[in-house]
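# Residue-level structural notes
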Amino acid sequence: MRADRLVATLLLMQARGRVTAAEIAAELEVSVATARRDLEALSAAGIPVYPQPGRHGGWQLIGGARTDLSGLSAAEAQALFLLAGPAAAVSGEAKAALRKLLRALPAPFRDEAEAAASATLIDPARWGAIDRPRPEGVEALQGAVVRQRRIRFAYRGDQREADPWGLIDKDDIWYLIAGTERGRRTFRVDRMSSISVTGEGFERPADFALGAAWEQVVGEMEERRSRTWATLLIAERFLWVLRDHFGRHYEVVEVREDGRARVRVAAPTALDVARMLSGWGALVEVEDPANVRAELARIGSELSGLYREG
């Protein structure tokens, strides 16, 4: 039984007041028996829905209980579908859920919400880059996170067991934050294999917040990626290119009267900095540190020896 279908059923009841199993079946493209089971499941889960027998009967929410999409303003509905629309373009399940939510909106908002959903397209591949396929284990992990079920998996040759707390999609690379016997750990999903969801449940720490946890992971990672800083001079007109190369590991110290700027950039090692700057040739002048200058000189000497004519 799909959670998105139960939500859609509840929203239809909200929008129409009273519905029959046949009406829900027609709207959600399921059988009448499935629609009836969904309604009974909502009631069993404590949602205040009840059936009314008779010719004009059906199911409705007791006392006007609400899961309120009809309370959205036109601007709020547009904002919701502007966010949800791009996701639906790359996920069949998201597209189906979006269609069901659209049906539950108040009629005056539907046209603009539908237009908002198709107003933006997400192309996840960078220029010149291949599109990364979604790791096979993502759906199983999402289910384990939602249902709070422990997982077993192989990671870099070792068998692991963990409590999955949350998933992050960063530039099409998926990460799992999980609780282990050694504390909180972060795993790259594309390096996980043989993922199995156990029937054993777990309790997520009460003070755990996925956003805050991921912010800490990013901070630690970026610190490791910026252990070596270099100061250099470059023409001011090229600053935007250098910024694109180094991202957050870039800062302008000053812009000089001669049209050049003094900039600080960083990478994990001196060699990494030199590799990223060597293609600039004489367009950049590294002032310090000495080990970055030495690596640049070595790279230059190797290239000169390799490509020297005669």
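The text that follows walks through the structure, step by step, so that each part is easy to find. (Residues numbered from 1 in each chain as written. Predicted model: local features only at pLDDT ≥ 70, side-chain atom pairs only at ≥ 80, totals over all residues. Heavy atoms only, no water.)

Here we take up the sheet that holds strand 11 (residues 260–267). Ordered by their spatial adjacency, four strands build an open sheet running 10-11-9-12, and the pairing between neighbours is antiparallel. Either end of the sheet is taken by a strand with one partner, and the two such strands are strand 10 (250–255) and strand 12 (284–288). Put simply, the sheet's adjacent strands are angled 30° from each other on average, direction ignored. Looking at chain direction, strand 9 (residues 228–235) and strand 12 are connected through four bridges and run antiparallel. The residue bridging I234 from the neighbouring strand is V284, located in strand 12. (Pairing = 2+ DSSP bridges. Helix = DSSP H or I, 4+ residues; strand = E, 2+ residues; numbered from the N terminus. Axes fitted to C-alpha atoms, helices over the stretch in contact; angles between N-to-C directions.)

Okay, the sheet that holds strand 2 (residues 49–52) next. Judged by pairing direction, the sheet is antiparallel, and its three strands sit side by side in the order 1-3-2 without closing on themselves. For this open sheet the edge positions go to strand 1 (18–19) and strand 2, each flanked by a neighbour on one side alone. Across two bridges, the pairing between strand 1 and strand 3 (residues 58–61) is antiparallel. When the sheet's bridge partners are listed, V19 is paired in strand 3 with W59.

Along helix 9 (residues 239–246), the residues classified as buried are L239, L242 and F246. The buried residues of helix 9 occupy one face: seen down the axis, they fall within an arc of 65°. Pointing more than 90 degrees away from the buried face of helix 9 are the exposed residues W240 and D244. The secondary structure elements touched by the buried residues of helix 9 are strand 9, strand 10, strand 11 and helix 10 (270–278). Once helix 9 finishes, G247 follows within two positions and takes phi at roughly 60°, a positive value. (Buried < 20%, exposed > 50% of the residue type's maximum accessible area, 1.4 Å probe, protein only. Arc of directions from axis to C-beta. Contact = heavy atoms within 4.5 Å.)

Estimates place the volume of the largest pocket at around 1200 Å³. Lining of the largest pocket is provided by 36 residues; of these, Y175, T186, V217, M221 and R224 occupy positions nearest its centre. For the lining of the largest pocket, the elements supplying multiple residues, two or more each, are strand 5 (158–170), strand 6 (173–180), strand 7 (183–188), helix 8 (210–224), helix 9 and strand 11. If you tally residues by element for the lining of the largest pocket, the top one is helix 8, at eight residues. Its residues placed into classes, the lining of the largest pocket shows 13 nonpolar, six polar and 17 charged. (1 Å grid on protein atoms, 1.4 Å probe; cavity = no way out; pocket = protein on both sides within 12 Å on 5 of 7 lines; lining within 4 Å. Points joined across faces, edges and corners; volume = space filled by probe spheres on them. Nonpolar A, V, L, I, M, F, W, Y, C, P; charged D, E, K, R; others polar.)

This part covers the packing of helix 10 against helix 11 (residues 290–307). Relative orientation of the contacting elements helix 10 and helix 11 amounts to 55°, with a least axis distance of 8 Å. Here helix 11 runs oblique to helix 10, going by the angle between their axes. Considering the relative orientation of helix 10 and helix 11, their crossing is right-handed. Note on element contacts: helix 11 touches helix 10 through N291, V292, E295, L296, R298 and I299, opposite A270, L271, V273, A274, R275, L277 and S278. (Parallel < 35°, antiparallel > 145°, perpendicular 65-115°, else oblique. Left-handed = near helix turned anticlockwise from the far one by under 90°.)

Okay, helix 7 (residues 138–147) next. The complete set of buried residues in helix 7 reads V138, L141, G143, A144 and V145. Structurally, helix 7 contributes buried residues whose contacts are with strand 4 (149–155), strand 5, strand 6 and strand 8 (192–201). Of the residues flanking the end of helix 7, it is Q148, one or two places downstream, whose phi is positive at about 55°.

A few words on the environment of P164. Within the secondary structure layout, P164 lies in strand 5. For P164, a relative accessible area of 0% gives the class buried. On a C-alpha basis, the gap between P164 and V197 in space is 10.0 Å, while along the polypeptide they are 33 residues apart. Excluding anything up to four places from it in sequence, P164 contacts A144, V145, R149, R150, I151, L176, I177, A178, F202 and R204.

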